[in-house]
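Descriptive structure summary
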Amino acid sequence: VVVSEAERICCEKAAEGLEEQQKASLRIGTADLLDMLINDEPDVDFTLAFGADTFIDLARGKWRRTEDVFQLVRYRMVVFRRISPSQQQNDS
């Protein structure tokens, strides 16, 4: 698992003042990270980029705080269609 510096900081901030048992069950999601980034960088317009399969999961509400994620990026998202190796061969 690769954790970005921003994710690490977000988790540390969320854990401040919590007991060890609470820290063990702490969950940080995309909306939490966006909250922190937007607070730290209020003049930046953030955009999410991900594959179509991930976007479908988000749109179906499978993510924690789904609607918050949409609103925090003001619905700015880039969605990439994933192409399988067999589709790549057919396209060439």
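The structure this text deals with has already been given above.
Residues numbered from 1 in each chain as written. Predicted model: local features only at pLDDT ≥ 70, side-chain atom pairs only at ≥ 80, totals over all residues. Heavy atoms only, no water.

Glancing now at the overall build of the protein chain. Check the secondary structure of the protein chain and you find six helices and two strands. Along the protein chain, helices (α) and strands (β) appear in the sequence α-α-α-β-α-α-β-α when read from the amino end. Its C-alpha atoms give the protein chain a radius of gyration of 17 Å, clearly above 12 Å, the size a compact globule of 92 residues would have. A principal-axis box enclosing the C-alpha atoms of the protein chain has dimensions of 55 × 30 × 25 Å. Within the protein chain, the fraction of its 92 residues that count as buried is 18%. Nonlocal contacts in the protein chain, meaning residues at least 24 apart in sequence, comprise 61% of its contacts between residues at least 6 apart. Side-chain charges in the protein chain split into 12 positive and 17 negative, and the spacing between the mean points of these groups amounts to 6 Å. (Helix = DSSP H or I, 4+ residues; strand = E, 2+ residues; numbered from the N terminus. Rg over C-alpha atoms; globule rule 2.2 N^0.38 Å. Buried < 20%, exposed > 50% of the residue type's maximum accessible area, 1.4 Å probe, protein only. Contact = heavy atoms within 4.5 Å. Lys, Arg positive; Asp, Glu negative; His and termini not counted. Charge placed at Lys NZ, Arg CZ, Asp CG, Glu CD.)

With that settled, the discussion passes to the pattern of salt bridges. Counted under the stated rule, the structure contains 10 salt bridges. The shortest N-O distance in the salt bridge between Glu20 and Lys23 comes to 3.4 Å. Residue Glu20 and its partner Lys23 are located together in helix α2 (residues 20-24), separated by three residues, close to a single helical turn. (Salt bridge = Lys/Arg side-chain N within 4 Å of Asp/Glu carboxyl O.)

Judged by nonpolar contacts, Ala31, Leu34, Phe46, Leu48, Phe50, Leu58, Val69, Phe70, Val73 and Met77 together constitute the single largest core of 10 residues. Among the secondary structure elements, those contributing two or more residues to this core are α3 (30-40), β1 (48-51) and α5 (66-72). (Core = buried A, V, L, I, M, F, W, Y, C linked by side-chain atoms within 4.5 Å.)

To continue, consider the packing of helix α1 (residues 5-15) against α3. Contact geometry for α1 and α3: axes closest at 10 Å, N-to-C directions at 95°. Taken as axis vectors, α1 and α3 run roughly perpendicular relative to one another. Two secondary-structure elements touch here, α1 through Ala6, Glu7, Ile9, Cys10 and Lys13 and α3 through Asp32, Leu33, Met36, Leu37 and Asp40. Here the residues of the contact of α1 with α3 are counted per class, giving six nonpolar, no polar and four charged. (Axes fitted to C-alpha atoms, helices over the stretch in contact; angles between N-to-C directions. Parallel < 35°, antiparallel > 145°, perpendicular 65-115°, else oblique. Nonpolar A, V, L, I, M, F, W, Y, C, P; charged D, E, K, R; others polar.)

Here Thr66 lies in helix α5. Each residue touching Thr66, except ones within four places of it in the same chain, is listed here: Leu58 and Gly61.

Right, let's get into unusual backbone geometry. Phi at Arg65 is positive, roughly 60°, even though this residue is not glycine. On the secondary structure map, Arg65 appears in the loop between α4 (52-59) and α5. Of note in the backbone geometry, Tyr75 takes a positive phi value of approximately 65° without being a glycine. With respect to the secondary-structure elements, Tyr75 resides in the loop between α5 and β2 (77-80). Judged by relative accessible area, which is 52%, Tyr75 ranks as exposed.

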